[in-house]
Amino acid sequence: MRKKLIAANWKMYKTPSEAVSFAESFLPLVKDHRRDEIVLCPPFPALTAVAGALRGSHVKLGAQDMHWEKEGAFTGEVSAHMLAAAGCTHVIIGHSERRQFFGETDETVHLKLLATLHASLTPIVCVGEFLAQRQAGETEAVLHQQISGAFHGVPHDLASHITIAYEPVWAIGTGNTATPEIACACHRCIRMDIAKIFGASAASRTRILYGGSVKPENAKALLSQEEIDGALVGGASLDPKSFSAIVHY
Ligand code: PGA
């Protein structure tokens, strides 16, 4: 059985004090919740403050991106090693907003993935197709390209540390959630690709989350599917009550 992981991707929302007050309201709501792993991914300036607020709890901390080098003259970047030192256990990589607006490619996702694994962080690697690609019947090919582009050359013993998030771009921030059937079909296709690269046993241990307009109203239909190993939640994770309703689906 794969333990489900429910992660909040706050994107460019919340100052450090807003992030801490979220944590203070949210923690009591999930105090006894051990069924699923819970991760909050605030923006960089709030990481240390949220790490402090989460100390002693079972809720984990993640970042939204990173650079693959350990350190160097890379203005504006942060490394996996710095994120781990700030208290992160997880990091989102290859989010479609990074791919669309900030030049992220399968190759940079690959480099970041290797760096996270060497820093013992759990990567949440995002893949997903645009609406036009889905309409053109290219979804499987797009997922295959993103998976093979990111995962080639990853040591097999590290494979089961990887978490994947299937996030169809047409569902992100649009209110148009993928149906459980669409999500499950894509999750199966991703798991088959992982099995081809790392073998069936690693593939059966790899968690594949769904992301794209997950809300309290649709969380149960999605998360009760065996193929869906959790959720990456944007908009509906900004409010403690709404995110906790998703966690308690
Ligand atoms: P959304 O975002 O839940 O607001 O659609 C999900 C994501 O971008 O990870």
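Residues numbered from 1 in each chain as written. Predicted model: local features only at pLDDT ≥ 70, side-chain atom pairs only at ≥ 80, totals over all residues. Heavy atoms only, no water.

### Points about the overall build of the protein chain
Scanning the protein chain from N- to C-terminus turns up 11 helices and 8 strands. Radius of gyration (C-alpha) of the protein chain: 17 Å, near the 18 Å computed for a compact globule of 249 residues. Burial status across the protein chain gives 54% buried among its 249 residues. Taking the contacts inside the protein chain whose residues are at least 6 apart along the sequence as the reference set, 72% of them involve residues at least 24 apart. Surface accessibility of the protein chain: about 11,000 Å² in total, with carbon and sulfur atoms responsible for 56%. Of the charged side chains in the protein chain, 23 are positive and 25 negative, and the gap between their average positions amounts to 7 Å. (Helix = DSSP H or I, 4+ residues; strand = E, 2+ residues; numbered from the N terminus. Rg over C-alpha atoms; globule rule 2.2 N^0.38 Å. Buried < 20%, exposed > 50% of the residue type's maximum accessible area, 1.4 Å probe, protein only. Contact = heavy atoms within 4.5 Å. Areas by Shrake-Rupley, 256 points an atom, 1.4 Å probe, with all protein chains shown as cover. Lys, Arg positive; Asp, Glu negative; His and termini not counted. Charge placed at Lys NZ, Arg CZ, Asp CG, Glu CD.)

### Things to note about the sheet that holds strand 4 (residues 90-93)
The 8 strands are arranged 1-2-3-4-5-6-7-8 in a closed barrel whose pairing can be described as parallel. Mean inter-strand twist for the sheet, computed between neighbouring axes without regard to direction, equals 25°. Looking at chain direction, strand 6 (residues 163-166) and strand 7 (residues 207-211) are connected through 4 bridges and run parallel. Bridge pairing in strand 7 links alanine 165 to leucine 209. Against the sheet, helix 7 (residues 139-151) touches strand 5 (122-127) and strand 6, its axis set at about 150° to strand 5. (Pairing = 2+ DSSP bridges. Axes fitted to C-alpha atoms, helices over the stretch in contact; angles between N-to-C directions.)

### Here we look at the environment of leucine 209
Mapped onto the secondary structure, leucine 209 falls in strand 7. Judged by its relative accessible area of 0%, leucine 209 falls in the buried class. In the structure, leucine 209 is positioned 90 residues away from alanine 119 in sequence and 22 Å away in space, judged by C-alpha atoms. Beyond its immediate sequence surroundings of up to four residues, leucine 209 is in contact with Leu5, Ile124, Thr163, Ile164, Ala165, Tyr166, His187, Asp229, Gly230, Ala231 and Leu232.

### Brief notes about the pattern of salt bridges
In the structure shown here, the tally under the stated rule is 14 salt bridges. Residue arginine 207 is joined to glutamate 37 by a salt bridge in which the shortest nitrogen-to-oxygen separation is 2.9 Å. Taken together, the positions of arginine 207 in strand 7 and glutamate 37 in strand 2 (residues 37-41) put the pair 170 residues apart, joining distant regions of the chain. In the salt-bridge network here, residues are joined through shared partners; they are Arg2, Arg191, Glu227 and Asp229. (Salt bridge = Lys/Arg side-chain N within 4 Å of Asp/Glu carboxyl O.)

### Side note on the pairing of strand 8 (residues 230-233)
Here strand 8 shows a buried face lined by Gly230 and Leu232 and a second buried face lined by Ala231 and Val233. Looking at chain direction, strand 1 (residues 5-9) and strand 8 are connected through 4 bridges and run parallel. When the sheet's bridge partners are listed, alanine 8 is paired in strand 8 with valine 233. As paired strands, strand 7 and strand 8 are joined by 2 bridges and run parallel to one another. Looking at the pairing, glycine 211 lines up with leucine 232 of strand 8. Read as a crossover between parallel neighbours, the route from strand 7 over helix 10 (residues 216-223) to strand 8 is right-handed. (Right-handed = clockwise from strand over helix to strand, strands pointing away.)

### Some details on the packing of helix 1 (residues 16-29) against helix 11 (residues 240-247)
In the contact formed by helix 1 and helix 11, the axes pass within 9 Å of each other and the chain directions differ by 35°. In the crossing of helix 1 with helix 11, the sense of the turn from one axis to the other is right-handed. Every residue of helix 11 that contacts helix 1 at Phe22, Ser25, Phe26 and Leu29 is listed here: Pro240, Lys241, Phe243, Ser244 and Val247. Of the residues that constitute the contact of helix 1 with helix 11, the class distribution is 6 nonpolar, 2 polar and 1 charged. (Left-handed = near helix turned anticlockwise from the far one by under 90°. Nonpolar A, V, L, I, M, F, W, Y, C, P; charged D, E, K, R; others polar.)

### Comments concerning the site of the ligand
Every one of the 13 residues lining the ligand counts as a neighbour, but Lys11, His95, Glu167, Gly173 and Ser213 are closest to it. For the ligand, an oxygen atom lies 2.7 Å from a polar atom in the side chain of lysine 11. Take histidine 95: an N or O atom from its side chain is 2.7 Å from an oxygen atom of the ligand. Protein contacts shield 95% of the accessible area of the ligand, which totals 280 Å² for the unbound molecule. (Near = heavy atom within 4 Å. Polar contact = N/O pair within 3.5 Å; in protein donor to acceptor, adjacent residues only side chain to side chain.)

### Section: the nonpolar core
In this structure, Leu40, Phe151 and Phe243 are the most contacted members of the largest nonpolar core, which totals 68 residues. In terms of residues, this core owes the most to one element, helix 8 (residues 180-198), which gives 7 residues. Among all residues touching phenylalanine 151, those that are not within four sequence positions of it are Leu113, Val125, Ile162, Ile164, Ile194, Ile197 and Phe198. In this structure, Val39, Ile92, Ala165 and Leu209 belong to the second largest nonpolar core, which totals 10 residues. (Core = buried A, V, L, I, M, F, W, Y, C linked by side-chain atoms within 4.5 Å.)

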